Amino acid sequence: MATSNRGQWSGKLGFILAASGSAIGLGNIWRFPYTAGENGGGAFVLLYLTFVVVIGIPLVLAELSVGRKTQLNPVGAFEKLSPGSKWPWLGKLGILTGFGILAFYSVIAGWTLWYLFEAITGGFSGEITPEVSAQMFTSMTSDPWLAIFLMGVFMILTIVIVQGGISAGIERTTKILMPLLLVILVVLAVRSVTLPGGMEGVAYLFTPDFSKIDFGVMMSALGQALFSLSLGMGAMITYGSYFPKDENLPQAGIIVAFFDTGIAVLAGLIIFPALFSVGIEPDGGPGLVFVVLPTIFNNLPAGGFFAIAFYALLAIAALTSTISLLEVVVAYFVDEKKWERKKASWVAGGACFVVAVPSALAAGGSAFFTDFMGFGIDFLSIQNNLWGNYSLSFGAVMLCIFVGWNWGIPKALESLEASGHKFAAAGVWGILVRYVCPAAIAIVLGYIVFTGTYF
Ligand code: PHE
C-alpha cells in the first residue's frame, strides 16, 4: 500500500487538529452568522443544530470510514471499493466541488487579509460607527484590482502549504493556532454578550420562530451543516485516508464535529449581540461579519491588539480550510494521474485563481458580476449556493447510498473499528446512514430542484 509515501497524521491529536482545521473556517465565522441572519435567526439555528447531529455526524463517520479503508483520494477510493462501477464519478464531482468552493472561498479569505492589514495599521482605532464600517467594507470590495490581488495572495499561500505535503505543511500550521483561535473567540463572545442590548442578540439566536421555517430555510440549514463540517465532497474521505491505524476513529470524528459546531455558535454569540447593540440589520448578507466586528473592538480593553489577533486567526482558520479544499484536488492528481505534488498544487491552484476572478468582482468590483446578468443576485452568492449547498447535498445523499447500500454498513463499521475500539452507537449510525440521512436530504434537495426555488 502506498501509505508511506502519501504521509500520515502523527497521531489522533494531529488528525483532530487538522480535520478541525478543515472544518473550522469562514464557514463558521463568516457563513454561519450571515446565513442565520438571512434566514430569520433562531429557527435556522435550531434546524442547523438538528442537521449537524442527525446528518452531519453520521456523514463525518461515513466519509472517514471510506478514507481509512482505502487510504486514497475520493476517486480512487470509490474505484477500489466498487471496481468497474460508476461510483468514481461521485469522487470526481467531489473534486470539482472542492475546486468550485475554493473559487469563491478564496475571495472572502482575501478580505480577511485586508482586515488584518487594517488592524495592524490602526484602521480600527477609535469609535467606528456602523456607517463608517460599512463604508470601509464597500471601498475594499468594490476595488476590482484590490479584491483580485487579495484573493491571489491567499491562493498562493494555500498552494505553498499544500505543496509541502501532509504532516509538514498542514498539521504544523494547525496545531498551535486552533486552540488560540478558540481563546480569542471566547473573549470576544463574553464582551459582545455583555454589551448594552447584547442579550437581544442571544435571544435572536436561540429563540426559534417556527413560522419562519420553509424549504428554503431547511436547504440553507442543511447546506450550512454540510459546508461547515466539510462534508459531501470527499474532504473527510481524504483526511480519513491519512488516519493512523491504531487510533479510535469514531471518537476523533465526533470530537471534530462538536468542536466545529461549538465554534459556529461562539461566532453567533459574537456577531448577533454586537449587531443588536449597535443597530445593524441581521440580514446584511455576505458582508455582515466584516461590517459588524470593527464596531466592537473599540469597546474592548486592548481592542487594537484583539483586532490584530482576531483577523490573524481568522485568516489562518480560512487557510486551514482552503488547504483542505485544494488538497482534495491535489491528492487526486497525485494518486490517480501520478503528477508531482508541486506541479499539481500550482496547476490546480492557478486554475482556481482564474475561475475565482468573477467572484472577486461580485461585491461591487464589476456591475455585471455584482448583479449577475440582471438576476438580482451576485455571482459569488450563486457560486456559494451552487457548490456550497446543492452540490454538497447531492454528494451527501449519494455517499449515504454508497456506504449504506452499496459498500454496506458492516464493512464501513469494520473500517471505523479497525483499531479495535468498539463504536458504541453503531446500530443507530447504520440506520441513520441507510435511511434517515438520505431520505431527509433527498426531500429537501428534491423540493428545491422540482419547485425551481434555487436562490
Ligand atoms: N468547512 C470549511 C469551513 O467551514 C469549508 C469547507 C467546505 C472546507 C468543504 C472543505 C470542504 O470554513
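Residues numbered from 1 in each chain as written. Predicted model: local features only at pLDDT ≥ 70, side-chain atom pairs only at ≥ 80, totals over all residues. Heavy atoms only, no water.

Chemist: Help me understand the confidence of the model for the protein chain in this model?
Modeler: For residues with low pLDDT, the predicted coordinates do not support detailed interpretation. Averaged over every residue, the pLDDT of the protein chain is 92; the share at 70 or more is 96%. Mean pLDDT per element in the protein chain: helix α1 (residues 3–6) is the minimum at 54, and helix α6 (residues 88–120) is the maximum at 98. (pLDDT = per-residue confidence, 0-100. Helix = DSSP H or I, 4+ residues; strand = E, 2+ residues; numbered from the N terminus.)

Chemist: Mind showing me how you'd approach the nonpolar core here?
Modeler: One recurring pattern in soluble globular proteins: nonpolar side chains tend to sit buried together. Core analysis: the biggest nonpolar cluster contains 172 residues, and F15, F310, Y311, V403 and W429 have the highest contact counts within it. If one sorts the elements of this core by residue count, helix α16 (residues 303–336) sits on top with 19 residues. (Core = buried A, V, L, I, M, F, W, Y, C linked by side-chain atoms within 4.5 Å. Buried < 20%, exposed > 50% of the residue type's maximum accessible area, 1.4 Å probe, protein only.)

Chemist: Hey, could you run me through the site of the ligand in this one?
Modeler: Taken together, 14 residues are adjacent to the ligand, and A23, G27, Y105, F227 and S230 come closest. In this structure, Y105 approaches the ligand through a side-chain N or O atom, which is 2.4 Å from an oxygen atom. Coverage of the ligand by the protein amounts to 100% of the 320 Å² it exposes when considered alone. Structurally, the ligand is housed in the largest cavity. (Near = heavy atom within 4 Å. Polar contact = N/O pair within 3.5 Å; in protein donor to acceptor, adjacent residues only side chain to side chain. Areas by Shrake-Rupley, 256 points an atom, 1.4 Å probe, with all protein chains shown as cover. 1 Å grid on protein atoms, 1.4 Å probe; cavity = no way out; pocket = protein on both sides within 12 Å on 5 of 7 lines; lining within 4 Å. Sits in = over half its atoms within 2 Å of the grid points.)

Chemist: What is the right way to read the side chain of S220 from this model?
Modeler: Within the secondary structure, S220 is located in helix α11 (residues 215–228). When its relative accessible area of 14% is taken as the criterion, S220 is described as buried. Sequence-distant contacts of S220, defined by excluding residues within four places in its chain, comprise T35, N39, F44 and N389. (Contact = heavy atoms within 4.5 Å.)

Chemist: How should I be thinking about helix α7 (residues 130–141) in this particular structure?
Modeler: Side chains three or four residues apart in an α-helix point the same way, a direct result of the helix having 3.6 residues per turn. For α7, which comprises 12 residues, the first-to-last C-alpha distance of 17 Å matches the rise-based estimate of 16 Å (1.5 Å per residue) to within 8%. Residues of α7 that are buried include every one of P130, S133, M136, F137, M140 and T141, and no others. Down the axis of α7, the buried side of the element spans an arc of 125°, and every buried residue falls inside it. With respect to the buried face of α7, the exposed residues turned more than 90 degrees away are E131 and Q135. Tucked into the core, α7 has its buried residues touching α6, α8 (144–163), α13 (249–278), α14 (288–292), α15 (294–297) and α17 (341–360). (Expected span 1.5 Å × (residues − 1). Arc of directions from axis to C-beta.)

Chemist: Any chance you could explain α11 here in plain terms?
Modeler: For α11, which comprises 14 residues, the first-to-last C-alpha distance of 19 Å matches the rise-based estimate of 20 Å (1.5 Å per residue) to within 8%. With respect to burial, α11 is a largely interior element, 11 of its 14 residues being buried. Between the side-chain oxygen at the start of α11 and the backbone nitrogen of G216 there is a gap of 3.0 Å, and the oxygen is on D214. In the stretch just after α11, S230 is the one whose phi turns positive, near 55°.

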